[in-house]
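The lines below spell out each chain.
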Amino acid sequence: MIVTKEKPIDEILEYVEPYGKILVVGCEGCTHPPRGLREARNMAMTVSMGLKLRGKSVEVRSTSIAKQCDLYNCKVALEPQIGDAEAILTMACSIGVGALSTLFPDIPVFPAQNTVFMGVEDRESDTFKEMCRACGDCLLGETFGICPIARCAKSLLNGPCGGPVDGMCEYKEYTNKCAWIEIYERAKKFNRLDLFKKLRLPRDRRLETPPRMLVGGELK
Amino acid sequence: MRIFSNLMKEIKEGHFVFTGELEPEKETDLHNTIKAAEELKGYVVACNVTDNPNSMAYISSLVASYLIQERTGMEAIYQLRCTDRNAAALTSDLLGACALGIRNVLALTGDHIGLGDYAKAKPVYDLDSAQLTYMIRKMVDEGVDLYGNKIHGDVRLHVGVAANPNCEPLEAEILKLARKVEAGAEFAQTQVIYDIERVKEFFEMMRSYGIKIPVLVGIFPLKSYGVAKFFDEHIAGVHVPEELMERITKAKDEPDKQKRKEKILEINLDFFIPFLKELKRTEAAGCHIMAVGYPEIIPPLTEAVK
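Not measured: the values here are computed from a predicted model. The residue numbers shown here count from 1 along each chain, following its written sequence. Chain A is the first chain written and ligand 1 is the first ligand written, with later ones labelled in order. Under the rules for a predicted model, residues below a pLDDT of 70 receive no local features and side-chain atom pairs below 80 are neither given nor counted, while totals for whole chains, interfaces and linings still include all residues. Heavy atoms throughout the structure, all of them, feed into the side-chain values; hydrogens and water do not.

K.L.:
Go over the overall build of chain B with me, naming the residues and quoting the values.
P.N.:
When helices and strands are tallied, chain B shows 11 helices and 8 strands. Relative to its full complement of 306 residues, chain B shows a buried share of 56%. Summarising the internal contacts of chain B: among those between residues at least 6 apart in sequence, 77% fall at separations of at least 24. Surface exposure of chain B reaches about 13200 Å², of which carbon and sulfur atoms provide 50%. Positive charges come from Lys and Arg, negative ones from Asp and Glu, while His and the chain ends are left out of the count. The atoms used to mark charge sites are NZ of Lys, CZ of Arg, CG of Asp and CD of Glu. For chain B, the centre of its 37 positive side-chain charges and the centre of its 46 negative side-chain charges are spaced 2 Å apart. The way it works is that DSSP assigns letters per residue, a run of H or I at least four long becomes a helix, a run of E at least two long becomes a strand, and they are numbered from the N terminus. Here's how the labels work: a residue is buried when its accessible area is under 20% of the maximum for its type, exposed when over 50%, partly exposed in between, all with a 1.4 Å probe on protein chains only. Note on definitions: a residue-residue contact is assigned when non-hydrogen atoms from the two residues lie within 4.5 Å. We get accessible surface area from the Shrake-Rupley algorithm with a probe of 1.4 Å; when it comes to residues, only the shown protein chains can shield them.

See below:
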């Protein structure tokens, strides 16, 4: 899922303050924590009250659609609801901001979220963990499900650096397990140390250099 | 195999070699570094010149390596880390190093940028130490850069790498060293270690994996109680042996500064001379003495185990 973190309300108010009619749009897609209809309604109320405190009376409506990252979906579901909105505040990840800006070029679209990473959720510990950096050349087949690009602070390809102590990474004061030590442990368990010790040559960074497009199945 | 440096010549001839360490800082005149290099001359065959240690943004190690060689005649082991430069910048610096007469380079992944005083800067790591080693070998052996483009003029560099015998699990570190050797590393210098038994274990495991590379084992003499305490508490994964720490702690109570210095020197020599004598009986190719700010220990230490 795409993991997001809500922006500070003052930043959001700064964005929408110049506009009199604001539409808050939730996203029922993969954004987590959820940013759907209920969250959009709460945001609309907060924005309305926040602007009132700043001496402005505005009209704030709210709605929600499924998957703002799908342009067709946005067009069908959102176009009929735009009405006379002067600005859109989207609850979606940054992809939703981009999608709505593409679809409605005459209306400014603002983000309510900071998009932080792609990751997994552990409900028990209320933790979201980054798992992928969309590098374009997946290594997981050689690393037993642990992505060294996303889980190693240096995104190294050839094993641990000199930094780990007792298997913990030097970055962020030894609070994260070293991804390469984890890969080593799994490789050893599966009797595949050959994959751990393999020499991987420098990557083709063009695969991960923005802006990327997939056109008819081809990465451009 | 061609020999370009005194360091590699001494290693190949089978001498037990000593290397030192110089740490240029956030400065422009290099006064202290040059002075330290002068003091080490004759006692070590070459000196590492650190590249932004602990990710502190210091003077370029390339410039410092050149000036040290030029002004003192001390051979430099130019440290080069991947934290701050992409493959193109690393290539440029290596070509520059060749032009400036630098003949040894230590290929390092480098501490994470988040550990130092530029913590907000972008960590690069376009290459890692194994890939940097691979790239340098291509430059030296084939006369081409990473992507096969011809280099005009000889690339005369020996490439060394780092190893860490303190690492747990040790097998992960040994396999990593194997990969660096596969990539073409010619010598290794280790992280600081105080435990000679662990050093032996490290060599034994290297042997069992058939890894052959000259290894210079790293030591860090303790100049004062403050240095010892800081090192023990803040250098991750390295612990000063209790007995050594106790003796240094006691020595700090000596009120006379000169006497205190002498006492601490004696304590260090009591620990490191037997350590080095034992080390000479292992497969170690030499010892890398990291005595930054403590050059006066190097003459008595190296003389004692000649």
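Here the narrative resumes, following the displayed structure.
K.L.:
Pulling in residues and values, what's your account of the sheet that holds strand E4 (residues 87-90) of chain A?
P.N.:
Residue and element names in this part refer to chain A. When DSSP finds at least two bridges between two strands, those strands are taken to pair. Taken in spatial order, the 4 strands line up as E3-E2-E4-E5 in an open sheet, and their pairing is parallel. Of all strands in the sheet, those with a lone pairing partner are strand E3 (59-65) and strand E5 (109-111), marking the two edges. If you compare each strand with its neighbour and ignore which way they point, the axes differ by 25° on average. Sheet analysis places strand E2 (residues 21-27) next to E4, joined by 4 bridges and oriented parallel. Bridging across to E4, Val-24 finds its partner in Leu-89. Packed on one face of the sheet, helix H2 (residues 37-53) meets E2, E3 and E4 and runs near 165° to E3. Here an axis means a line fitted to C-alpha atoms, over the contact stretch when the element is a helix, while the angle between two N-to-C directions is reported on a 0 to 180 degree scale. Packing against the sheet, helix H4 (residues 94-103) makes contact with E4 and E5, and its axis sits at approximately 175° to E5.

K.L.:
Lay out the pairing of strand E8 (residues 286-289) of chain B in plain terms, naming residues and giving numbers.
P.N.:
Residues and elements named next belong to chain B. Of the two faces of E8, the one holding Gly-286 and His-288 and the one holding Cys-287 and Ile-289 are both buried throughout. Bridge analysis of strand E1 (residues 17-22) against E8 gives 3 bridges, and the strand direction is parallel. If you follow Val-17 over to E8, its bridge partner there is Gly-286.

K.L.:
Can you tell me about the nonpolar core, naming the residues and giving the values?
P.N.:
In plain words, nonpolar cores are sets of buried Ala, Val, Leu, Ile, Met, Phe, Trp, Tyr and Cys residues tied together by side-chain atoms within 4.5 Å. Grouped together as the largest cluster of nonpolar side chains are 66 residues, with contacts concentrated most on B:Leu177, B:Tyr194, B:Met206, B:Ile213, B:Leu222 and B:Leu279. For this core, the element with the most residues is helix H10 (residues 257-280) of chain B, which contributes 9 residues. Not counting the four nearest positions on each side in its chain, B:Leu279 is found in contact with B:Phe16, B:Ile196, B:Val199, B:Val217, B:Ala284, B:Gly286 and B:Cys287. With 42 residues, the next largest nonpolar core counts A:Ile183, B:Leu62, B:Leu80 and B:Leu132 among its residues.

K.L.:
Describe in detail the packing of aromatic side chains, supporting the description with residues and values.
P.N.:
What describes a pair of aromatic rings is the distance from one ring centre to the other and the angle between the planes of the rings. Here is the rule: rings of Phe, Tyr and Trp (six-membered ring for Trp) pair when centre to centre is within 6.5 Å. Planes less than 30 degrees apart are stacked, more than 60 are edge-to-face, and the remainder are tilted. Evaluated as defined, the whole model comprises 14 aromatic pairs over all chains. Between A:Tyr184 and A:Phe196, the ring centres sit 5.4 Å apart and the planes meet at 65°, which makes this aromatic pair edge-to-face. With A:Tyr184 in helix H7 (residues 179-189) and A:Phe196 in helix H8 (residues 193-196), the pair connects residues that are 12 residues apart, well separated along the chain. Look at B:Phe272 and B:Phe275: their rings are 6.3 Å apart centre to centre, the planes differ by 75°, and that puts the pair in the edge-to-face class. Of this pair, B:Phe272 and B:Phe275 are both found in helix H10, 3 residues apart, which corresponds to roughly one turn of the helix. In this scheme, Lys NZ or Arg CZ marks a charge over a ring once it lies within 6 Å of the ring centre and within 35 degrees of the ring normal. The ring of A:Phe196 is capped by B:Arg179, whose NZ or CZ atom sits 5.5 Å from the centre of that ring. B:Lys252 extends its terminal NZ or CZ atom over the ring of B:Tyr225, reaching a point 4.7 Å from the ring centre.

K.L.:
Provide a residue-level description of the domain arrangement of chain A, including the pertinent values.
P.N.:
Each assigned domain of chain A is listed here: domain 1 (2-116) and domain 2 (134-201). Once you take the C-alpha centre of each, domain 1 of chain A and domain 2 of chain A turn out to be 38 Å apart. Domain start and end points were adopted from an automatic or database domain assignment.

K.L.:
Describe in detail the side chain of B:Asp145, supporting the description with residues and values.
P.N.:
All names here are of chain B. Tracing the sequence through the fold places Asp-145 in the loop between helix H5 (129-142) and strand E5 (158-163). Within this document, salt bridges are pairs made up of a side-chain nitrogen of Lys or Arg and a carboxyl oxygen of Asp or Glu, the two lying within 4 Å of each other. Among buried Asp, Glu, Lys and Arg side chains, Asp-145 stands out as unpaired, with Lys-138 the closest opposite charge at 7.0 Å. Separated by 2.9 Å, the side chain of Asp-145 and the backbone nitrogen of Asn-149 make a polar contact. Apart from the residues lying within four places of it in its own chain, the contact partners of Asp-145 are Thr-91, Lys-138, Met-139 and Ile-151. Definition of a polar contact: a pair of N or O atoms within 3.5 Å, with one able to donate and the other able to accept a hydrogen when the atoms are protein atoms, and with sequence-neighbouring residues admitted only if both atoms are side-chain atoms.

K.L.:
An account of the interface of chain A and chain B is requested, with residue identities and associated values reported.
P.N.:
Across the contact, 27 residues belong to chain A and 27 residues belong to chain B. When two parts are brought into contact, each loses some accessible area as probed by a 1.4 Å sphere; the total of that loss over both is the buried area. If you sort the residues of chain A by the area they bury against chain B, A:Lys154, A:Leu199 and A:Pro202 come out on top, with a joint share of 24%. Joining chain A to chain B, the criterion identifies 2 salt bridges. Run the count over chain A and chain B and you get 16 residue pairs in polar contact (both at pLDDT 80 or more). Ranked by the residues each element gives to the side of chain A that touches chain B, the list is headed by H7(A), at 3 residues. Throughout this entry, Asp, Glu, Lys and Arg are counted as charged residues, while Ala, Val, Leu, Ile, Met, Phe, Trp, Tyr, Cys and Pro are counted as nonpolar. The remaining residues, Gly among them, count as polar. Among the residues forming the side of chain A that touches chain B, the class breakdown is 15 nonpolar, 4 polar and 8 charged.

K.L.:
Residue-level account of the environment of B:Gly116, with values.
P.N.:
All names here are of chain B. Mapped onto the fold, Gly-116 is located in the loop between strand E4 (104-108) and H5. Distance from Gly-116 to Asn-52, taken between C-alpha atoms, is 8.8 Å for residues 64 residues apart in sequence. For Gly-116, the contacting residues outside a window of four places in its chain are Asn-54, Ser-55 and Met-56.

K.L.:
For the sheet that holds strand E2 (residues 46-49) of chain B, give the residues involved together with the corresponding values.
P.N.:
Adjacent strands of a sheet pair through backbone hydrogen bonds, lying either parallel or antiparallel. Residues and elements named next belong to chain B. Spatially, 8 strands are ordered E1-E2-E3-E4-E5-E6-E7-E8 in a closed barrel, and the strand pairing comes out parallel. Each strand of the sheet is rotated relative to its neighbour by a mean of 30°, with strand direction disregarded. As paired elements, strand E6 (residues 187-192) and strand E7 (residues 215-219) share 3 bridges and run parallel to each other. By the bridge assignment for E7, Val-192 is matched with Gly-218.

K.L.:
Give a detailed account of the pattern of salt bridges, specifying residues and quantitative values.
P.N.:
With the rule as written, the count across this model stands at 40 salt bridges over all chains. Of the charged contacts in the structure, one is a salt bridge between B:Glu39 and B:Lys35, with a shortest N-O distance of 3.8 Å. Taken together, the residues B:Glu39 and B:Lys35, both in helix H2 (residues 31-40) and 4 residues apart, mark about one turn of the helix. B:Glu39 sits in the partly exposed class, given a relative accessible area of 34%. With a relative accessible area of 47%, B:Lys35 lands in the partly exposed category. Within the structure, one salt-bridge network assembled from shared partners comprises A:Asp10, A:Glu14, A:Glu17 and A:Arg54.

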